Amino acid sequence: MGITSKTTLTQPVITEEVSAQILGPRRKQVGLLGGTFNPVHIGHLIMAEAVGTTLGLAKVFFMPDNKPPHVDHKGAIPVGQRVTMLQAAIHDNPLFDLELTEVKRGGVSYTIDTMKALTAAHPDTDYYFIIGADMVAYLPKWKDVDQLMKLVHFVGVKRRGFAPASPYPITWVDAPLIDVSSSEIRQRVQTGQSIRYLVPECVRAYIEKEGLYRD
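Residues numbered from 1 in each chain as written. Predicted model: local features only at pLDDT ≥ 70, side-chain atom pairs only at ≥ 80, totals over all residues. Heavy atoms only, no water.

Caption draft 1: Expanded view of the packing of helix α3 (residues 79–90) against helix α9 (residues 201–210). Following both chains from N to C, one finds α3 and α9 inclined at 150°, their axes separated by 9 Å at the closest point. With respect to their mutual orientation, α3 and α9 come out roughly antiparallel. Remark: the crossing between α3 and α9 carries right-handed chirality. Seen from α3, the contacting residues are Gln81, Thr84, Met85, Ala88 and Ala89; seen from α9, they are Cys202, Val203, Tyr206, Ile207 and Glu210. For the contact of α3 with α9, the residue count by class is 7 nonpolar, 2 polar and 1 charged. (Axes fitted to C-alpha atoms, helices over the stretch in contact; angles between N-to-C directions. Helix = DSSP H or I, 4+ residues; strand = E, 2+ residues; numbered from the N terminus. Parallel < 35°, antiparallel > 145°, perpendicular 65-115°, else oblique. Left-handed = near helix turned anticlockwise from the far one by under 90°. Contact = heavy atoms within 4.5 Å. Nonpolar A, V, L, I, M, F, W, Y, C, P; charged D, E, K, R; others polar.)

Caption draft 2: How the structure looks around the pairing of strand β4 (residues 125–132). By the criterion of burial, β4 is predominantly enclosed, with 8 of the 8 residues buried. Burial of the side chains of β4 extends over both faces: Thr125, Tyr127, Phe129 and Ile131 are buried on one face and Asp126, Tyr128, Ile130 and Gly132 on the other. Pairing between β4 and strand β5 (residues 153–157): 5 bridges, direction parallel. Looking at β5, one finds that isoleucine 130 is bridged to valine 155. (Buried < 20%, exposed > 50% of the residue type's maximum accessible area, 1.4 Å probe, protein only. Pairing = 2+ DSSP bridges.)

Caption draft 3: Fine view of the nonpolar core. Counting residues in each nonpolar core, the largest one holds 37 residues, and the members touching the most others are Val40, Phe62, Met85, Phe96, Ile130 and Ile207. Looking at which element gives the most residues to this core, the answer is α3, with 6 residues. Discounting chain neighbours no more than four positions away, the residues touching valine 40 are Leu45, Met85, Leu86, Ala89, Val199, Pro200 and Val203. (Core = buried A, V, L, I, M, F, W, Y, C linked by side-chain atoms within 4.5 Å.)

Structural data, given as structure tokens:
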């Protein structure tokens, strides 16, 4: 009688560490909400919260521009004061943070230049650039928009009166519809009307303390 041997094949155990080596490091997904924030208001905060939670982003960065590229500068107050209000408005939400690349660079803020710098500095990060539905129609006018589309994922936040459609690839997100704008807030301050509940209380108090938007 011969002796037979039986070999049992077992599946290799793939630990999380080995899996990470096979698949490569996990990429970060973060949102960017750019703007003049003159001043920041609850509409900005609601938009950022909706996109961040809906898409499961690690962070949503508020990115104030140093100087907007359009002709109408909206009577922007000094960038330092706008940043101070942003810091106060987002400090208690762990999802939110600040991205000051455009402020530090100075000059006119073009998104394509910013995204080239950010993607070079953070090659492990996927960026989701958040814009309102009213801004989607203006994308063809953005500087080097076709190249920009290769650097970021655009996220459009739906808004009443604007169709969620674009020739560009846009991820559309629903958010509570809050009809408030920075220009309206500035006008209300200038005419002595209340802005309570339209901006965070810390922002309202800062505007009053510094006497902003009076002229």
